[in-house]
Amino acid sequence: MATKFLSLACIRNESRGGLSPRPHYPSMPKYPKGMAVPQTSMEGSETEAVFSVIGMTCSACAGSVEKAIKRLPGIHEAVVDVLNNRAQVLFYPNFVNEEKIRETIEDVGFEASLILDGTNERPTHVCRIRINGMTCTSCSSTVETALQAIHGVQKAQVALATEEAEVYYDPKVVGYNQLSTAIENCGFEAIIISTGEDVSKIDLEVDGVRTDHSMRIIEQSLKALPGVQAVDLYNESKKISLSYKSDVTGPRTFINVIETTGSKRFKAKIFPGGGGGRGAHRKEEIKQYYRSFMWSLIFTVPVFLTSMVLMYIPGPKRILETKLVNMLTVGEILRWVLSTPVQFIIGWRFYSGSYKALRHGSANMDVLISLGTNAAYFYSVYSVLRAATSSHFKGTDFFETSSMLISFILLGKYLEVLAKGKTSDAIAKLMDLAPETATLLTLDEEGNVVNEEEIDSRLIQKNDVIKVIPGSKVASDGFVIWGQSHVNESMITGESRPVAKRKDDTVIGGTVNENGVLHIRATRVGSESALSQIVRLVESAQMAKAPVQKFADRISKFFVPLVIVLSFSTWLAWFLAGKFHGYPESWIPSSMDSFQLALQFGISVMVIACPCALGLATPTAVMVGTGVAASQGVLIKGGQALESAHKVNCIVFDKTGTLTVGKPVVVNTRLLQNMVLGEFYELVAATEVNSEHPLAKAIVEYAKKFREVEESPSWPEVQEFVSITGHGVKAIVRNKEIIVGNKSLMLKENIAIPVDAEDILAEAEGLAQTGILVSIDGEAAGVISISDPVKPSAQEVISILKSMKIKCIMVTGDNWGTANSIAMEVGIDVGKDTVIAEAKPEQKAEKVKDLQASGYTVAMVGDGINDSPALVAADVGMAIGAGTDIAIEAADIVLMKSNLEDVVAAIDFSRKTFTRIRLNYIWALGYNVLGIPIAAGALFPSTGFRLPPWIAGAAMAASSVSVVCCSLLLKYYKRPKKLDELEIRGIKIE
């Protein structure tokens, strides 16, 4: 089942028919006012045109273009794709032409041109890049702006919490190397994670290579292999990086080629740490901050002791106050010497970050830290030099301020990256599901096992046969070719009960084999596996910004400049007040003068302000939230879906497969002629076996019960089979004309419907059953009643949603009688506004739009292709995990377990997450609003309390850590108790 949503996370995003991943669903067909044109003639002349639209930046732009097009007469459909900068329009050329549409788009304010061949549109690739060195939202905004300015980039989003960028680009216009160069030009390190191309990558370590010539021989041997796209050599680390097509070749082939090249002295293996990804980078970052902090402590502790502690102990005080040159003391020289490495070597990262930010016209956290520490350090240097050249100057140095500031900030950064590392624990746990080794089988031509070999699971290639013993993990996605067992898929799908597996059944890598031996043929390996795709989906969701994040982004643009102005103003105000005796001299501490007091207030304001906490408030909560939700079987596609879900106050449910099990079964058969029931079903099943309709399959499955001996029975030969869409089927079986279908088909075929049959059909409709008529040789022979049972938890889920003050509506393509009956059974109020029957796909979407127009925030829950328009139109689309690929792709949230309880869980979880985000913002804003005035000395006149700069710096570091820790509390989320009670009572979907 997990393979159903693999397309969600595909890194390569090919254009499909001009529709974006989240398009605006078009309105109903629009015809010119006053024109009564027959439907057939209109549709017959329908034309499609695709336009390139340059200048759109957001969904609001797309919406304005779409509305303008739809106002034109003769427009059938219009879909605007902001991601690929194009519009796809279906129109009737009798009333409007391409030029008129193009002019309309340009009237809205965008450049438009007609694409003559929309089918050959170039593909969009999605490149993921890790960015090292970002400290606050100002950094991420700078990088995002630089990427979006590149010609050929359609969309770029940079996430501070994950330190990654996701860039949608046209590979024909711009290359991924240009993207990384743009990031590096902004002053940050860029590491390509994936390029979006349809290739796999692997790093190999080669031992036994003594010369560059040997490496070149290996390179040539690998390049000669079919499917190899690129080979990069790293002679110093003896590493070879390969890009290849996994359906043509694989890593075992590479290792074999390397080890058989030349004199066969070379040995190859997967490069240690390869593919460590975000986790490996995070560990290295934690180590770097830890080392920097420990080194800073070595120098800062003596500085602190000489300035704050030893000065109050008579013996050490006498030594420290010993004058060397004029008024220059031993203590001042010691503090200068010890603080200099902290300022310029350990603190170099802040200078580097400041330079890079200022070079691009922005200011970040590093600028504030550099200004604050430099002010303290260079004033202290001035004080020391003046003391050395003066016989009467007695100044105070602030070397402890600069060194302690840097130490506390490094400690805060260390704790912050430590906490941020825990926000992606859910992804790490998913990645750990894959087994380290696998048993590879070699088969002969007859399929007999001739050899077994234990290999690294990363060396598995497509079409390999893998042996899975009881208790071990399935090493790769594939299908069973031998054996039978039960497999625990709870770690992937969330479904707790083991699933039976036999020949030809699919299995998912990372799941646990319970009780039998299986032989599996690998079909999806490496980055194509279900596990990798789920991980990628969650990573992509964590990249997507929630709309509320824009609030922090707006503040970050002017936050640092404002703080610099406030800091300077604070220093100036206190300095002038002291200069002109604006406050009593008794306020000035004995160890400093009015200038130094003013300087300390200014530095405190500079370093206490923290844009980092604001920048981390939303993304850390979204990261933790989406990860925890995924571990509970709810895949949320990013912050937008999470934010919309917490506002939902109306849910539209599809009936079939959502409120009901989705698998129709025959519940009753009434014969209208004297004949044996087995013979009746023999004729009906032979007719229906050629149909793909779910009701036909239910009849055939039921008919098998009359042939208990045969598992796959053969039915009588059928002639002249005809399928009448939406009505039924007819065929000749054993020289008898058999018609199976609804009432309208019988009337169309001039078959009389007896009164008894009418009564049976009415009774079936009243019981939410579908009545199917069968005629043999022109006479009604029987009525088959088919029902799709309601899911066991449906009634309780509707009741819980009502208690959450969420309006519940059911929409279905089924008849009114069945719809009303199902609604009553599950507890949905029956009425024209709450039950909509006989609805076509576009009518479902229109109903969603009507509800939105009435002021509701609407969620749509569905599973079929016919639900996808409504899923797209809704504020939040929720797809049942067992549904179709199209429905899942159109949805914002995927319920992997296919349980209705997860609808409640998803909404409750989104509400909890946004409560946490609000708390983060209250803390981050409150900290700055209260902290800056206190640092500026607002309490000093009345209480004598002032905040030393080093304490202000510690408070700044603590604010970021506290926001991340607040987000981490989401890891302890528990589902509503009512849902647990459902499971205790055994209400669970089979």
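The structure displayed is predicted, hence computed values, not measured ones.

Visitor: How should unusual backbone geometry be read in this particular structure?
Guide: The phi torsion of most residues other than glycine is negative, and most of the peptide bonds are trans. Although it is not a glycine, Asn-463 sits at a positive phi angle of roughly 75 degrees. In this structure, Asn-463 sits in the loop between strand S17 (449–456) and strand S18 (465–468). Even without a glycine there, the phi angle at Asp-504 is positive, about 75 degrees.

Visitor: Would you take a moment to explain the sheet that holds S18 for this structure?
Guide: Across a sheet, strands are paired by hydrogen bonds formed along the backbone, either parallel or antiparallel in direction. Judged by pairing direction, the sheet is antiparallel, and its six strands sit side by side in the order S17-S16-S18-S24-S19-S22 without closing on themselves. Looking at strand neighbours, the two that pair on one side only are S17 and strand S22 (506–507), the edges of this open sheet.

Visitor: Can you walk me through the pattern of salt bridges in this structure?
Guide: Side chains bearing opposite charge may pair, as long as their charged atoms lie close to each other. Scanning all chains against the criterion turns up 20 salt bridges. We note a salt bridge from Arg-335 to Asp-397, for which the minimum N-O separation is 2.9 Å. One end of the pair, Arg-335, is in helix H10 (residues 330–346); the other, Asp-397, is in the loop between helix H12 (365–389) and helix H13 (399–423), with 62 residues separating them in the sequence. Across the pair, exposure class does not vary: Arg-335 and Asp-397 are buried alike.

Visitor: Looking at this structure, how should I read the sheet that holds strand S27 (residues 665–671)?
Guide: Judged by pairing direction, the sheet is antiparallel, and its six strands sit side by side in the order S27-S32-S31-S30-S29-S28 without closing on themselves. Two strands bound the open sheet, and with one partner strand each, they are S27 and strand S28 (718–724). Pairs of neighbouring strands in the sheet enclose a mean axial angle of 15 degrees, with direction left out of account. Pairing geometry for strand S31 (residues 770–776) and strand S32 (residues 779–787), over seven bridges, is antiparallel. Note on S32: the bridge partner recorded for Gly-771 is Ser-785. Lying on the sheet, helix H25 (residues 755–766) is in contact with S27, S31 and S32; it crosses S31 at an angle near 155 degrees.

Visitor: Where do I start with the packing of helix H19 (residues 611–631) against helix H31 (residues 901–935) in this structure?
Guide: Relative placement of two packed helices is described by the angle separating their axes and the distance separating the axes. Two numbers describe how H19 lies on H31: the axes approach to 9 Å, and their chain directions differ by 160 degrees. When the axis of H19 is compared with that of H31, the two are roughly antiparallel. Crossing handedness for the pair H19 and H31: right-handed. Side by side, H19 and H31 meet where Ala-613, Leu-614, Ala-617, Thr-618, Thr-620, Ala-621, Val-622, Gly-625, Val-628 and Ala-629 of the first sit next to Phe-909, Thr-913, Ile-917, Asn-920, Tyr-921, Ala-924 and Leu-925 of the second. Considering only residue class, the contact of H19 with H31 consists of twelve nonpolar, five polar and no charged.

Reading the values: the criteria
Sequence order as written defines the numbering, with residues in each chain counted from 1. A pLDDT threshold of at least 70 governs which residues receive local features in this predicted model, and a stricter bar of 80 or more applies before side-chain atom pairs are shown or counted, although totals over entire chains, interfaces and linings include all residues. The basis for every side-chain value is the complete set of heavy atoms in the structure, and neither hydrogens nor water enter the calculation. Each helix is a run of DSSP H or I of at least 4 residues and each strand a run of E of at least 2, with the numbering of both proceeding from the N terminus. A pair of strands is labelled paired if DSSP reports no fewer than 2 bridges between them. Salt bridge, as applied in this entry: a Lys or Arg side-chain nitrogen positioned within 4 Å of an Asp or Glu carboxyl oxygen. Only protein chains enter the area calculation, which uses a 1.4 Å probe; residues under 20% of their type maximum are buried, those over 50% are exposed, and those in between are partly exposed. Axis definition: a line fitted to C-alpha atoms, limited for helices to the stretch in contact. Angles are taken between N-to-C directions and run from 0 to 180 degrees. Contacts between residues were defined by any pair of non-hydrogen atoms, one from each residue, lying within 4.5 Å. Here the word oblique covers every angle except those under 35 degrees (roughly parallel), over 145 (roughly antiparallel) and from 65 to 115 (roughly perpendicular). Less than a right angle of anticlockwise turn of the near helix away from the far helix marks a crossing as left-handed, whereas a clockwise turn marks it as right-handed. In this classification, Asp, Glu, Lys and Arg are treated as charged, Ala, Val, Leu, Ile, Met, Phe, Trp, Tyr, Cys and Pro as nonpolar, and every other residue, Gly included, as polar.

On their own, these measurements won't tell you what the molecule is for.
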